[in-house]
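In case you want the letters, here they are:
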Protein chains: 4
Amino acid sequence: MVTPLTGPDDLDAAGLERLLQHLEQGGVSALFILGTTGEGPGLSYRLRREVIDRVCDYAGDRLPVLVGVADTSLVESLLLADYAARKGAAAVVTTCPYYFPMSQGEYLSFLERVSPDYALPLFLYNLPRHVGFSIGAKTARCAADLPNVWGLKDSSGDLDYFREVAGLLRERPEFSLLNGPEQILAETVAMGAHGGVCGGANLYPKLYVGLYNAARDRNEPEIKRLHKQVLEICDLVYTHGPDGSSYLRGIKCALELAGICAGAMAEPYSALTGEPREKIGRALAAMGLLATSV
Amino acid sequence: MVTPLTGPDDLDAAGLERLLQHLEQGGVSALFILGTTGEGPGLSYRLRREVIDRVCDYAGDRLPVLVGVADTSLVESLLLADYAARKGAAAVVTTCPYYFPMSQGEYLSFLERVSPDYALPLFLYNLPRHVGFSIGAKTARCAADLPNVWGLKDSSGDLDYFREVAGLLRERPEFSLLNGPEQILAETVAMGAHGGVCGGANLYPKLYVGLYNAARDRNEPEIKRLHKQVLEICDLVYTHGPDGSSYLRGIKCALELAGICAGAMAEPYSALTGEPREKIGRALAAMGLLATSV
Amino acid sequence: MVTPLTGPDDLDAAGLERLLQHLEQGGVSALFILGTTGEGPGLSYRLRREVIDRVCDYAGDRLPVLVGVADTSLVESLLLADYAARKGAAAVVTTCPYYFPMSQGEYLSFLERVSPDYALPLFLYNLPRHVGFSIGAKTARCAADLPNVWGLKDSSGDLDYFREVAGLLRERPEFSLLNGPEQILAETVAMGAHGGVCGGANLYPKLYVGLYNAARDRNEPEIKRLHKQVLEICDLVYTHGPDGSSYLRGIKCALELAGICAGAMAEPYSALTGEPREKIGRALAAMGLLATSV
Amino acid sequence: MVTPLTGPDDLDAAGLERLLQHLEQGGVSALFILGTTGEGPGLSYRLRREVIDRVCDYAGDRLPVLVGVADTSLVESLLLADYAARKGAAAVVTTCPYYFPMSQGEYLSFLERVSPDYALPLFLYNLPRHVGFSIGAKTARCAADLPNVWGLKDSSGDLDYFREVAGLLRERPEFSLLNGPEQILAETVAMGAHGGVCGGANLYPKLYVGLYNAARDRNEPEIKRLHKQVLEICDLVYTHGPDGSSYLRGIKCALELAGICAGAMAEPYSALTGEPREKIGRALAAMGLLATSV
């Protein structure tokens, strides 16, 4: 879930409410807040806590809330997890403590030491591009045996890696394996993913829920049809401006154009303007999809 | 400067005092706290503030204090800079907001927007290995024209890069250019560096002050003699355990063995034990250096 | 200004926006947030910062914002003042550090030591009922000579005290003297108050602005007419439930009934319900005032 | 327990260690930190957390730690309790949310709402002088039936009140009833107090432990002998400077003179100097007590 903002450190509270309704009506089975798409590590702790408050209040007992608590400082990460537990969240999700280079062995020792200290079930977050570290497949398998580690969200977009991880974890079916990049949602579900955490679902939740269901049911014609729509969105919305930030800037721009929430961004990014913004507007209009699925 | 710890979130206050005296007596011209060697991004904000308090109290008007304020969240970075300003620090040092991939243009726009918001003079921190982003030489030159950007600390260890940056900044001699890696201290001073911020100086401040002075005075025999000692330290102290953390674990281990301060580490790292620790102990004993220079 | 809340730790952001528009259209000359009426000391620091952000964003250069920064811990108070300065507030207002019993001399020494440390002009806040300490008239006179002390807000409701303070401060006309309780607004302006900070102005800003203007202009018939309306509000709105909290619970209830903002309260208080609430509703309806002045 | 400080916001870590050893050797059965004697509400949250860390580290499984978490903001109080729970504290102690006037009924409703939210067993703290509110005896009796309310620390010094409370709570013997003022320790134990939380025990723990034991065993001659010594300390140490702060300033001064820890004070107070300090020094020297019991 994105974090709707009216300024770099100002929550769009009304937009957040609309986005939550939009997602719930779109049939999502859970909410993942303050991840990379949520700009979590870029937000002040004040604002992260505000988001946790409002989302947990909204979700109540209807939707489990997973909270991103990645930080370079373990203590701050644990304290945010305490806060999420206090507000009724279901689980926390965290990367390795990026900034500090680690070997696989160091990372695993670290997890052994600290995972019991989290006040909520812990999901690992594999995100090599952002944190400069890839959770090795065997490391993931070992981590799955730690008492408080409940799942892995892989945002690497690397199908070979995902296949290897899924293979190693077949003997641990209750360990939750989630995929990030929507371009490979169907393939990863076929390989054993238990769900998708797709940024585009902020915009068209029904589409992504539909694609997940089709993949789970192995309904090939439906997979083909919906996968094509997903790729079209990726192509039209996530491709403007420098490569590293184009996905995030595209999705927030589209959400604003669709009237769902304000599109301001936390530092270090800034909202798309001018021609890229207009192109996204035209793309949204052209996709018949928009009218029915938003 | 390292952050002396008795546990992952516990300052060694007495050791900090001894380390500060050791550095002052060693002739350092300023203190840089909460950088990478200071494990800054790995410490809780509570502890970072405690370090700022104690170091600024100690330093008084005798030694300028530069404070590392790197964070993925700009707002938290600014608030820590406010705190440092309140306590009397001289400047702050910050990397790009790692985690978020940026282009050179995005980084420069970001600096233009936010550098005036820092409550103290700002030094940029180039640290590609830890943050996955290298401040381009031309970007550094442009940043030097921003009103509140006063210097650059380069920890890349890349001599070609340093030469290019130093060349571009020759027309801005008041812009402070500092080098991190001690292995290239003499070369970078020859190229125009105004100072060195060397981790080994925690252990042997006189040696590094001496090497800097020799390099500044182009005293080749002295450079040769001291540079050899520095390389010996690097070789004997920084080479144990996985590569990414071996320098930091080595230096803290050596400081503890030298009786200067406790050697515990903040998560995600752990202190060296067993054979590596013994090797460092033997190396410190063997270097005649130890007795006179610590 | 009250802090509109939807729950004990949840800001009513849309209601805050409406309240700010309502006050601006009502002609107020400044905003005082996070005071007693704003439940400031009862709010989490997260929420206090959110309020500062949103109000300063709204006010821009049009309305000066005074921020309540009372805390038993001076350090926390100073840090909140830093935050307010960063966000563009005009001044801060603080009580003595309640909880700790003080003599007049101790309070004055304390002010001498700490007032220069505030990042913004400082207003003192006399509030004997809440903090168990009354700023003596002579103490106030001495404090007015401290470089960063710019004014006094008296919420004691004690006319003799106000007269004495105003007399002592006549030789310091640039020192800002403000009165809290609306029942004595006209009298205190006659004695030399430079303004009123009246809780009822949340509901009927034009009425209180009008009464202040009439008092300043010594327009007796107008004073009489408007003062009567103010007393009617006090009588009908602020008199339900236990005495200590009846004013605050009444005003928040009335604001909700008037459709201006949500009426939830921070702990330790709870919103009025049942018969008291209905009485306030009937009172608002009965006052012809309501339709035209809200 | 006092909070040893070298400056208004600087912990005396070495002095804290010595004080803890002194108390443990003195035979105390638990530690109460960050109460009024600990200047808790006057310390920054950074420092309060540092104190919790260091004391819980020291105490381990040997001594239960009770942590004062009084704050005008319930949310901050709960978050500090979370922190204390994370660090291994045994219980938290809190006053009513002072600043906000309350009726007995409002206070009880408040406790019913919020006591289950504390992450640790909760002790109530009756402290009328500092918070302007007295927990009524019947209110205390009702509160004792709330699931997470485990005890009451009464610092009122009012024997009639204590007798009434003890009488009402006789049917709830597992509810912990503690007395603050050392002048009435023996009497309150005779009335049913389960323990004493006496400021003077910072200085002479064996004396207060001895007096408690004598009172528990109804050993009248011993009670008489030790009670006299306690009164002598009260008379010689707690009587310098303005009445509201004389106890706290006296005890910190004495601790410094006794070489146990630094005697700086958090704002708004300042350390005793000059003649009062010398008087306390002479008193400590004169009491034969000093040499053997400190």
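Being a predicted model, the structure only gives us computed values, none of them experimental.

Quick look at the environment of Ser115 of chain D
All names here are of chain D.
Then step 1. With respect to the helices and strands, Ser115 occurs in the loop between α4 (104-114) and β6 (122-126).
Then step 2. As for Ser115 and Leu146, which are separated by 31 residues in sequence, their C-alpha atoms are 7.7 Å apart.
Then step 3. Apart from residues lying up to four places away in sequence, Ser115 is in contact with Leu122, Leu146, Asn148 and Val149.

Examining the interface of chain C and chain B
Then step 1. With 8 residues of chain C at the interface, the matching set in chain B holds 8 residues.
Then step 2. In total, chain C and chain B occlude about 690 Å² of area from one another, counting both sides; carbon and sulfur atoms represent 47% of this.
Then step 3. When the buried surface of chain C facing chain B is broken down by residue, Leu79, Asp82 and Arg86 of chain C rank first, second and third, together holding 66% of it.
Then step 4. For the interface between chain C and chain B, the tally reads 2 salt bridges.

Comments concerning the packing of helix α2 (residues 45-59) of chain D against helix α3 (residues 74-86) of chain D
All names here are of chain D.
Then step 1. One can describe the packing of α2 onto α3 by two numbers: an axis separation of 10 Å at closest approach and a directional angle of 25°. One way to sum up the angle between α2 and α3 is to call them roughly parallel. Between α2 and α3 lies a crossing of right-handed hand. Here Tyr45, Arg48, Arg49, Ile52 and Asp53 of α2 lie close against α3, whose contacting residues are Glu76, Leu80, Tyr83 and Ala84.
Then step 2. Considering only residue class, the contact of α2 with α3 consists of 5 nonpolar, no polar and 4 charged.

Topic: the pattern of salt bridges
Then step 1. A full pass over the atoms with the stated rule returns 88 salt bridges over all chains.
Then step 2. Arg62 of chain C is the salt-bridge partner of Glu24 of chain C, the closest N and O atoms lying 2.6 Å from each other. Here the residue Glu24 of chain C occupies a position in helix α1 (residues 13-25), and Arg62 of chain C occupies one in the loop between α2 (45-59) and β4 (65-68), the gap between them amounting to 38 residues.
Then step 3. Each of the salt bridges in this network shares a partner with another, and the network as a whole consists of Asp9, Arg46, Glu50, Asp53, Arg54 and Lys87 of chain A together with Asp9, Arg46, Glu50, Asp53, Arg54 and Lys87 of chain C.

Some remarks on the confidence of the model for chain A
Then step 1. Overall, the prediction assigns chain A a mean pLDDT of 95, with 98% of residues at 70 or greater.
Then step 2. Scored by ipTM, the complex comes to 0.94, with pTM at 0.86.

Some remarks on the sheet that holds strand β7 (residues 149-154) of chain D
Hydrogen bonds along the backbone pair up the strands of a sheet, which may run parallel or antiparallel.
Residues and elements named next belong to chain D.
Then step 1. Pairing in this open sheet of 7 strands is parallel, and the strands run β3-β4-β5-β6-β7-β8-β9 from one edge to the other. Only two strands of the sheet have a single neighbouring strand rather than two, namely β3 (31-33) and β9 (195-196).
Then step 2. Relative to β7, β6 runs parallel, the two being bridged by 5 bridges. Looking across to β7, one finds that Asn126 is bridged to Asp154.

Overview of the environment of Gly180 of chain A
All names here are of chain A.
Then step 1. Note that Gly180 resides in the loop between β8 (176-179) and α8 (185-191).
Then step 2. The class for Gly180 is buried, based on a relative accessible area of 7%.
Then step 3. In this structure, the C-alpha to C-alpha distance between Gly180 and Leu16, residues 164 residues apart in sequence, is 21 Å.
Then step 4. Excluding residues within four positions of it along the chain, Gly180 makes contact with Lys153, Asp154, Ser155, Val197 and Cys198.

Some remarks on the pairing of strand β7 (residues 149-154) of chain A
All names here are of chain A.
Then step 1. Within β7, 5 of the 6 residues are buried, which leaves the element mostly enclosed by the surrounding structure.
Then step 2. When β7 meets β8, the two strands line up parallel, connected through 4 bridges. For Lys153, the partnering residue across the bridge sits in β8 and is Leu178.
Then step 3. Each parallel crossover has a hand, and the one from β7 via helix α7 (residues 159-168) to β8 is right-handed.

Structural notes on the relation of the copies chain C and chain D
Then step 1. Under the fitted operation, chain C is carried onto chain D by 0.0 Å of movement along the axis and a turn of 180°, and the coordinates agree to an RMSD of 0.0 Å. In short, the pair behaves as if placed about a two-fold rotation axis. Residue Gly132 of chain C of chain C places its C-alpha closer to the rotation axis than any other residue of that unit, at 3.3 Å.
Then step 2. Take the interface residues of chain C: 100% of them recur as interface residues in chain D, which is what a same-surface contact looks like.

Considering the side chain of Arg46 of chain C
Then step 1. Along the chain, Arg46 of chain C turns up in helix α2.
Then step 2. Given a relative accessible area of 7%, Arg46 of chain C falls into the buried group.
Then step 3. Side chain to side chain, Arg46 of chain C and Asp53 of chain A meet in a polar contact 3.0 Å long.
Then step 4. A distance of 2.5 Å separates a polar side-chain atom of Arg46 of chain C from the backbone oxygen of Asp9 of chain C.

Observations concerning the sheet that holds strand β9 (residues 195-196) of chain B
All names here are of chain B.
Then step 1. An order of β3-β4-β5-β6-β7-β8-β9 is seen for the 7 strands of this open sheet, with the pairing classed as parallel. Each edge of the open sheet carries a strand with a single partner, namely β3 (31-33) and β9.
Then step 2. Where helix α7 (residues 159-168) meets the sheet, it contacts β6 (122-126), β7 (149-154) and β8 (176-179), and its direction lies at approximately 170° from that of β8.

Comments concerning the relation of the copies chain C and chain B
Then step 1. Least-squares fitting of chain C to chain B yields an RMSD of 0.0 Å, with the transformation described by 0.0 Å of translation along the axis and a rotation of 180°.
Then step 2. Counting the interface residues of chain C, we find that 100% of their copies in chain B are interface residues as well, pointing to one common contact surface.

Observations concerning the interface of chain C and chain D
Then step 1. Facing 41 residues of chain C, the contacting portion of chain D comprises 41 residues.
Then step 2. Both sides of the chain C and chain D interface together cover about 3200 Å² of buried area, and 62% of this is carbon and sulfur.
Then step 3. On the chain C side of the interface with chain D, the three residues burying the most area are Tyr99, Phe100 and Pro268 of chain C, jointly 24% of the side's total.
Then step 4. On inspection of chain C and its partner chain D, the count reaches 4 salt bridges.

Quick word on the side chain of Thr72 of chain A
Then step 1. With respect to the helices and strands, the residue Thr72 of chain A is situated in the loop between β4 (65-68) and α3 (74-86).
Then step 2. Only 3.5 Å separates the side chain of Thr72 of chain A from the side chain of Asp71 of chain A, close enough to count as a polar contact.
Then step 3. Here the side chain of Thr72 of chain A touches Pro41 of chain B through a polar contact of 2.6 Å, landing on its backbone oxygen.
Then step 4. Every residue in contact with Thr72 of chain A, bar those within four places of it in the chain, is listed here: Pro97, Tyr98, Tyr99 and Phe100 of chain A together with Pro41, Gly42 and Tyr98 of chain B.

Rules and cut-offs
- Residues numbered from 1 in each chain as written.
- Chains lettered and ligands numbered in written order.
- Predicted model: local features only at pLDDT ≥ 70, side-chain atom pairs only at ≥ 80, totals over all residues.
- Heavy atoms only, no water.
- Helix = DSSP H or I, 4+ residues; strand = E, 2+ residues; numbered from the N terminus.
- Contact = heavy atoms within 4.5 Å.
- Buried area = accessible area lost by both parts, 1.4 Å probe.
- Salt bridge = Lys/Arg side-chain N within 4 Å of Asp/Glu carboxyl O.
- Axes fitted to C-alpha atoms, helices over the stretch in contact; angles between N-to-C directions.
- Parallel < 35°, antiparallel > 145°, perpendicular 65-115°, else oblique.
- Left-handed = near helix turned anticlockwise from the far one by under 90°.
- Nonpolar A, V, L, I, M, F, W, Y, C, P; charged D, E, K, R; others polar.
- pLDDT = per-residue confidence, 0-100.
- Pairing = 2+ DSSP bridges.
- Buried < 20%, exposed > 50% of the residue type's maximum accessible area, 1.4 Å probe, protein only.
- Right-handed = clockwise from strand over helix to strand, strands pointing away.
- Least-squares fit on C-alpha atoms with pLDDT ≥ 70 in both.
- Polar contact = N/O pair within 3.5 Å; in protein donor to acceptor, adjacent residues only side chain to side chain.

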